[in-house]
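So you can see what is in the structure, the chains are spelled out below.
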Amino acid sequence: MAGSLIKIDEEIVASAVASVTLTGIDSTYDVYMVKVNNWKTDTNDRQCLARVTESGTPNTTANYDYAGKGLRSDTTFTNRSGTNGTEFKFEYIGTADSQAQSNLTLFLFNFNSTTEYAFITNEMSNLDYLGNAFGTQGGQVFTSTGTARDGIQFFMSSSANTSAGTFTLYGLKK
Amino acid sequence: MATLEELTTEATAEIEAAKPMYKQVNNERLEFTDADYDQAITDLANSKWDTQQFGYIQARQEAYGSVQDQLDMQYWDGVNGTTTWADHIAQVKSDNPKPE
């Protein structure tokens, strides 16, 4: 149906930044979608990460659980899982291969709720820092309630910069 | 092995050296606030701790041959009386030691 995907925020990284935040999640839509295209970093072998924001501030508490599968072209597929982390976790990119980058689609559920956990699904197509093709699928949960989440912040592990990328937030029309 | 306090000191020095750091929100590129810098230090120290304590797990996963290759090693070890597979596993463990 035409007009079902409503663009809410878009951040295009032109100069290196340590974090990128998409804002504008509220009660208007039940489900939101994030598209990340051409996500690159300036440091080798760094993991793509994200946190929910509450009133614009990232929630850094140890309430992030994740489970997923890394589908690798270079070796055996890898299971990824963990509980009580301090961020959502995705895959690794870097600089050893000049084409290394990540492209990511997330669906965000219950972000505006104060009583339900927030859930995301993630699907990612990567060229990792060694130049290996990498696909990832998984689900992640933010296991805290009490405050509505109004956005999502993306950053790299070990305080590396995001050197490029287009981060877009959409609402799925009810 | 470094303690978390020692790693936090390292992280503080690295973040100081990396200043200024920026964040992008609402299409503005803004310098980190003091709270942002404090969080960056915490995140970097925790990342160093995780790498020190648990980095060997991912390193070993990436270094092990595929299941197919390991089965092939075991087959030929059985045929030839060699220890290629055990040597491979021992080498990966030796190259990526578990912290004491």
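Here the structure is a predicted model, which is why all the values come from computation and not from measurement. (Residues numbered from 1 in each chain as written. Chains lettered and ligands numbered in written order. Predicted model: local features only at pLDDT ≥ 70, side-chain atom pairs only at ≥ 80, totals over all residues. Heavy atoms only, no water.)

A. Structural detail: the overall build of chain A. A tally of regular secondary structure across chain A gives zero helices and 13 strands. Taken from N to C terminus, the helices and strands of chain A fall in the order β-β-β-β-β-β-β-β-β-β-β-β-β. Scaling as 2.2 N^0.38, a compact globule of 174 residues should have a C-alpha radius of gyration of about 16 Å, and chain A matches this with 15 Å. When the 174 residues of chain A are sorted by exposure, 48% land in the buried category. Look at the contacts in chain A between residues 6 or more apart in sequence, and 74% of them connect residues 24 or more apart. For chain A, the exposed surface amounts to about 7100 Å²; the carbon and sulfur share of it is 48%. (Helix = DSSP H or I, 4+ residues; strand = E, 2+ residues; numbered from the N terminus. Rg over C-alpha atoms; globule rule 2.2 N^0.38 Å. Buried < 20%, exposed > 50% of the residue type's maximum accessible area, 1.4 Å probe, protein only. Contact = heavy atoms within 4.5 Å. Areas by Shrake-Rupley, 256 points an atom, 1.4 Å probe, with all protein chains shown as cover.)

B. Molecular detail of the side chain of A:Q101. All names here are of chain A. By the element assignment, Q101 lies in strand 9 (residues 101-109). Within the structure, Q101 has its side chain in polar contact with the side chain of N103 (distance 3.1 Å). Setting aside its immediate chain neighbours within four residues, Q101 contacts N38, W39, K40, I93, S125, N126 and L127. (Polar contact = N/O pair within 3.5 Å; in protein donor to acceptor, adjacent residues only side chain to side chain.)

C. Broad picture of the nonpolar core. A:V34, A:F90, A:L106, A:L108 and A:F154 are the most contacted members of the largest nonpolar core, which totals 31 residues. For this core, the secondary-structure elements that each account for two or more residues are strand 2 (19-23), strand 3 (31-41), strand 4 (46-54), strand 8 (88-93), strand 9, strand 10 (118-127), strand 12 (151-156) and strand 13 (162-172) of chain A. If you tally residues by element for this core, the top one is strand 3 of chain A, at four residues. Residues B:A11, B:Y37, B:I41 and B:A45 belong to the second largest nonpolar core, which totals ten residues. (Core = buried A, V, L, I, M, F, W, Y, C linked by side-chain atoms within 4.5 Å.)

D. Region of interest: the confidence of the model for chain A. Averaged over every residue, the pLDDT of chain A is 94; residues scoring 70 or more account for 99%. When mean pLDDT is taken per element in chain A, strand 2 of chain A scores highest with 98 and strand 7 (residues 78-85) of chain A scores lowest with 90. (pLDDT = per-residue confidence, 0-100.)

E. Broad picture of the interface of chain A and chain B. Counting from both sides, the interface comprises 25 residues of chain A and, opposite them, 22 residues of chain B. Between chain A and chain B, roughly 1700 Å² of surface is buried when both sides are summed, and carbon and sulfur atoms account for 38% of that area. It is A:E11, A:S158 and A:S159 that lose the most area in chain A upon contact with chain B, and together they represent 22% of the buried surface on that side. Summed over the shared surface of chain A and chain B, the number is two salt bridges. Note that B:E62 is salt-bridged to A:R72, the shortest N-O span being 3.6 Å. For the pair chain A and chain B, the interface holds 13 residue pairs in polar contact (both at pLDDT 80 or more). At the level of elements, strand 1 (5-13), strand 2 and strand 7 of chain A are the ones that each hand at least two residues to the side of chain A that touches chain B. When residues in the side of chain A that touches chain B are grouped by element, the largest group, five residues, is from strand 1 of chain A. Of the residues assigned to the side of chain A that touches chain B, the class counts are nine nonpolar, ten polar and six charged. Of the strand pairs in this sheet, strand 2 of chain A and strand 1 (residues 22-25) of chain B are connected by three bridges, and their pairing is parallel. (Buried area = accessible area lost by both parts, 1.4 Å probe. Salt bridge = Lys/Arg side-chain N within 4 Å of Asp/Glu carboxyl O. Nonpolar A, V, L, I, M, F, W, Y, C, P; charged D, E, K, R; others polar. Pairing = 2+ DSSP bridges.)

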